[in-house]
Amino acid sequence: MTFDKPFLPYDKQIERLKKEYGLIINDEEFAKNALMSVSYYDLVNGYKTLFMKNNKFVDNLSIEYLYEFHLLDKSIQAFIMKYSLFLENMFKNLLAYVIASAFGVNHKNNGYLDSNHYQVYSSGISYKENIYNEILPILNSDSPKCKMPTKHYVLHHNHVPPWILFKNISFGDAINLFTLLNSPEKKYILDTIFKGSKPIEYSQKVDIIRNGLLNIRELRNLAAHNLHFVQFRTSRSIQPKQLYYELPHLIYLTPDLKQPLNIDKKACKGLYSAILIFLLFLETPYLKTIFITDLKNAVFNNATNEQNSLRATLFDDYCKLTALPSNLFDRLDKFQQSFKI
């Protein structure tokens, strides 16, 4: 059998990139090291929607530029990973607090996981599939799903409080648990997060939180598994018109204030949706400031003006590929002025 994607040694890969795809390669040793660390597939397919036309790289594109673009992409992915972990922990803590205050700390016998405390079905999530099938087995000491610290509490304490159990449930299960909460408990969580002066409908708040968290979870998984992070687009709405009132200067509306500009509609279906939800959750000016500083450092992490000038060019291209607003840092600077500490 003749394979359409046969193995090629590095020198043949370099030859193909030059002759078939038109990539500028002057330093073949650099190219070999780049292919060893990134892989041919990631370099060619990872960013081809921006850098390739008619199955050829755009004119004057070098492997050095492509490699630097990849490093920028990985730096931003690491930033998203870092804050997704922070946000997951924050969300689980809030969820545990609300559930414990409403239903107590006992997991047994009509305790906080009892079906009477939750909706049977909501937004495609069922109590049986999420809580009964996914979460309850974590409390069974004989199950491979039962891990520390929950297992310690199962074996050595007379109950497992939610703030312990939630350390062992997945981010997805935590989001599903929020989805199944009844209105009073959901409302407490929403009121903790939303601080804007303009009222937002309850159902819109629920959509913003659930969809925003799902978007962050998906982006994190794409980054963790080295998949097409930059091509992430979602149909899950984070209600950008409503976020306009929660996150000043970060959403642009039409002059009549009836809907977001088209560039913002597109942005809120991509990576920008995660950035907005992070800033919505980060309650204090201090945390918001650290987040913005960390994002800038993820992009402009070089010491020299020449290197940072290259990063600015790379980031312009990155915004085109991910649908991030091209004036992202101007927006963030204005937003930061609104709560400056």
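Look above for the structure.
Treat the numbers as computed from the prediction; the structure is a model and nothing was measured.

**Some details on the side chain of Lys186**
Within the secondary structure layout, Lys186 lies in helix α10 (residues 183-193). Buried and unpaired, Lys186 has Glu185 as its nearest opposite-charge partner, separated by 8.5 Å. Excluding its chain neighbours within four sequence positions, the residues that come into contact with Lys186 are Gln119, Ser122, Phe178, Thr179, Leu181, Tyr202 and Val206.

**A closer look at empty space enclosed by the protein**
Scanning all chains against the criterion turns up two cavities of 30 Å³ or more. In this structure, the largest cavity spans a volume of roughly 110 Å³. In this structure, the largest cavity is lined by Asp42, Gly46, Tyr47, His70, Asp73, Lys74, Gln77, Asn226, Leu227, His228, Phe229 and Val230. In terms of residue count, the dominant contributor to the lining of the largest cavity is helix α5 (residues 63-103) (four residues). Here the lining of the largest cavity is built from residues that sort into four nonpolar, five polar and three charged.

**Concerning the nonpolar core**
Side chains of nonpolar character tend, in soluble globular proteins, to be buried together. Membership of the largest hydrophobic core comes to 108 residues, with the highest contact counts inside it found for Phe57, Leu95, Tyr118, Leu165, Tyr272, Phe315 and Tyr318. At 18 residues, α5 tops the list of elements feeding residues into this core.

**Some thoughts on helix α1 (residues 10-19)**
Those residues of α1 that sit buried are Gln13, Ile14 and Leu17. One side of α1 holds all its buried residues, which, seen down the axis, span an arc of 100°. More than 90 degrees from the buried face of α1, the exposed residues found are Asp11 and Lys19. Among the structural elements, α2 (28-37), α3 (40-45) and β2 (56-57) are those in contact with the buried residues of α1.

**Some thoughts on the layout of surface pockets**
Taken as a whole, the largest pocket holds about 370 Å³ of empty space. Lining the largest pocket are 22 residues, with Lys195, Leu280, Leu282, Glu283 and Lys288 sitting closest to its centre. Broken down by secondary-structure element, the contributors of at least two residues to the lining of the largest pocket are α5, α10, α12 (240-246), α14 (271-281), α15 (285-299) and α17 (328-338). For the lining of the largest pocket, a count of residues per class yields 14 nonpolar, four polar and four charged. A volume near 250 Å³ is recorded for the second largest pocket. As for the second largest pocket, its lining consists of 13 residues, of which Lys5, Arg16, Tyr21, Tyr40 and Asn45 are closest to the centre. Of all elements in the fold, only α1 and α3 reach the threshold of two or more residues within the lining of the second largest pocket. Of the residues forming the lining of the second largest pocket, the biggest block, four residues, is contributed by α3. Here the lining of the second largest pocket is composed, by residue class, of seven nonpolar, three polar and three charged.

**A word on unusual backbone geometry**
With an omega of 5°, the peptide bond between Met148 and Pro149 qualifies as cis. On the secondary structure map, Pro149 appears in the loop between α6 (127-135) and α7 (150-156). The phi angle at Asn226 is positive, at roughly 55°, despite the residue not being glycine. Looking at the secondary structure, you find Asn226 in the loop between α11 (202-224) and α12. Relative accessible area serves as the criterion here: at 37%, Asn226 is assigned to the partly exposed category.

**Comments concerning α11**
Its 23 residues give α11 an end-to-end C-alpha distance of 33 Å, which sits within 8% of 33 Å, the value for a rise of 1.5 Å per residue. Immediately downstream of α11, the backbone of Asn226 shows phi near 55°, a positive value.

Criteria and cut-off values
Residues numbered from 1 in each chain as written. Predicted model: local features only at pLDDT ≥ 70, side-chain atom pairs only at ≥ 80, totals over all residues. Heavy atoms only, no water. Helix = DSSP H or I, 4+ residues; strand = E, 2+ residues; numbered from the N terminus. Buried < 20%, exposed > 50% of the residue type's maximum accessible area, 1.4 Å probe, protein only. Lys, Arg positive; Asp, Glu negative; His and termini not counted. Salt bridge = Lys/Arg side-chain N within 4 Å of Asp/Glu carboxyl O. Contact = heavy atoms within 4.5 Å. 1 Å grid on protein atoms, 1.4 Å probe; cavity = no way out; pocket = protein on both sides within 12 Å on 5 of 7 lines; lining within 4 Å. Points joined across faces, edges and corners; volume = space filled by probe spheres on them. Nonpolar A, V, L, I, M, F, W, Y, C, P; charged D, E, K, R; others polar. Core = buried A, V, L, I, M, F, W, Y, C linked by side-chain atoms within 4.5 Å. Arc of directions from axis to C-beta. Expected span 1.5 Å × (residues − 1).

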